[in-house]
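Structural description and commentary
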Amino acid sequence: KAKEAGKGTYVMYGQAMQQHFDERMIIEKHLRNVISNNELSLHYQPLVDIASGEIWGFEALIRWYSPVLGFVSPLSFIKIAEDSRLIVPIGEWVLRSACRFIKTLQVQGLEGYHISVNISVVQLMLDNFTEMVMGVLQETGLSPEFLELEITESIFIESFEVIVNKLKALRQQGIGVALDDFGTGYSSLSYLQQLPITTLKIDKSFIDGIDSPHNMSLARSIMTIGHDMGLKVTAEGVETPEQLAFLQRTSCDKIQGYYISRPIPENEVAGWVADRKAG
Ligand code: C2E
Ligand code: MG
Ligand code: MG
Ligand code: MG
């Protein structure tokens, strides 16, 4: 029928859909063995306390090198991992590897650094999520106060109460919770108030072009809301000294971004810390 009507656009649309679907299937297929094939690694991006200039810790960011597909960005595979639930073993691998790494730094004398780990809402919905996290801490010997979990506003479309209760339990153990990419999702202020979080991470989109008066006042408002709620505020995606100066004036607590450092491969982190302390 579409052919008869000469609906070339229909056919092209169909092909694009099919291509998109095939690509997802291929990624999912290769994702299934990433752990056993040792294809995953973590990079660590520093977070710096603005007032003191000290390194607060690092965010663990997943990297996937597939011998078949090459480097695949988390922006293209995390969603597929969530939809296929492969994010459950992958997310646990990330948490365990990141905790083990930061504990190793501590043993080497690089003490006091926190580790921030991105957690998918799919993981948060698991019955045994809290136990899994506590188990990993016990196994790696990392104290809970050095761990921060990054969640996103996507939790607001899931069973909010169930997730809040789990986060409360984790907070009681001393684990920090940050709301990532804040401002891009579904938060309403009344829900935000019920979340047992410690930190708001302002999304990069608000930090970009902070030189425009509009963006500047938005970023300032987010910081005011965060501080009024008793939270710490982190700015992500800080790339320029002008952005840093603005964030200092507005008493933002922590910054993360290329201006400080790009995400660093695990084996280069200790060297980066030494260089920063020396310089
Ligand atoms: P995110 O958690 O908001 O992480 C910050 C992203 O911004 C990272 O991208 C980081 O490399 C990038 N970034 C940091 N500073 C700058 C900057 O100054 N300029 C620019 N242009 N970019 C900057 P990445 O590593 O590609 O990760 C993308 C997203 O994938 C993450 O966003 C997070 O949502 C997700 N992700 C990464 N690792 C994991 C993981 O282990 N588990 C889960 N569930 N999601 C992850
Ligand atoms: Mg994050
Ligand atoms: Mg973020
Ligand atoms: Mg982000």
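Residues numbered from 1 in each chain as written. Chains lettered and ligands numbered in written order. Predicted model: local features only at pLDDT ≥ 70, side-chain atom pairs only at ≥ 80, totals over all residues. Heavy atoms only, no water.

Positive phi, close to 65°, is recorded for Arg85, a residue that is not glycine. With respect to the secondary-structure elements, Arg85 resides in the loop between helix H2 (74-83) and helix H3 (87-107). At Asp181, a residue that is not glycine, the phi angle is positive and equals roughly 50°. Tracing the chain through its elements places Asp181 in strand S6 (residues 176-182). (Helix = DSSP H or I, 4+ residues; strand = E, 2+ residues; numbered from the N terminus.)

Grouped together as the largest cluster of nonpolar side chains are 82 residues, with contacts concentrated most on Leu31, Phe58, Ile115, Leu147 and Leu247. If you tally residues by element for this core, the top one is H3, at nine residues. Dropping the residues within four chain positions of it, Leu247 is found in contact with Ile50, Ile207, Met223, Ala235, Val238, Cys252 and Ile255. (Core = buried A, V, L, I, M, F, W, Y, C linked by side-chain atoms within 4.5 Å. Buried < 20%, exposed > 50% of the residue type's maximum accessible area, 1.4 Å probe, protein only. Contact = heavy atoms within 4.5 Å.)

This part covers the coordination of the magnesium ion (ligand 2). Protein coordination at the magnesium ion (ligand 2) comes from Glu59 (OE), Asn118 (OD1), Glu150 (OE) and Asp180 (OD), with a distance range of 2.0 to 2.2 Å. Spacing between the donor residues of the magnesium ion (ligand 2) along their common chain follows E-x58-N-x31-E-x29-D. Between the magnesium ion (ligand 2) and the magnesium ion (ligand 3), both coordinated by Asp180, there is a metal-metal distance of 3.4 Å. On the criterion of sequence distance, the pair formed by Asn118 in strand S4 (residues 114-118) and Glu150 in strand S5 (residues 147-151) is long-range, its members being 32 residues apart. (Donors = N, O, S within 2.8 Å, 3.2 Å for Na, K, Ca; no water.)

All chains considered together, the criterion is met by nine salt bridges. Residue Glu59 is joined to Lys201 by a salt bridge in which the shortest nitrogen-to-oxygen separation is 3.0 Å. Of the two residues, Glu59 is situated in strand S2 (residues 55-66) and Lys201 in strand S7 (residues 199-202); the sequence distance between them amounts to 142 residues. Classification of Lys201 by relative accessible area gives buried; the value is 0%. In this structure, Glu150 and Lys201 form a salt bridge, with 2.6 Å as the shortest nitrogen-oxygen distance. Remark: Lys201 occurs in strand S7 and Glu150 occurs in strand S5; sequence separation between them is 51 residues. (Salt bridge = Lys/Arg side-chain N within 4 Å of Asp/Glu carboxyl O.)

Among the residues of H2, Phe77, Ile80 and Ala81 are the ones counted as buried. Take H2 and look down its axis: the buried residues cluster within an arc of 105°, on one side only. Where H2 begins, the side chain of Ser73 points an oxygen toward the backbone nitrogen of Leu75, at a separation of 2.9 Å. Note on H2: the residue one or two positions beyond its end, Arg85, has a positive phi of about 65°. (Arc of directions from axis to C-beta. Polar contact = N/O pair within 3.5 Å; in protein donor to acceptor, adjacent residues only side chain to side chain.)

Between two aromatic rings, the relevant description is the distance of the centres plus the angle of the planes. With the rule as written, the count across this model stands at seven aromatic pairs. Relative to Tyr191, the ring of Phe156 lies with its centre 5.9 Å away and its plane at 40°, an arrangement referred to as tilted. In this pair, Phe156 sits in the loop between S5 and helix H6 (160-172) while Tyr191 sits in helix H7 (residues 189-194), placing the two residues 35 residues apart along the sequence. The exposure class of Tyr191 is partly exposed, given its relative accessible area of 39%. The ring of Tyr258 has Arg262 lying over it, and the distance from NZ or CZ to the ring centre is 3.9 Å. (Phe/Tyr/Trp six-rings, centres within 6.5 Å; stacked < 30°, edge-to-face > 60°. Lys NZ or Arg CZ within 6 Å of the ring centre and 35° of its normal.)

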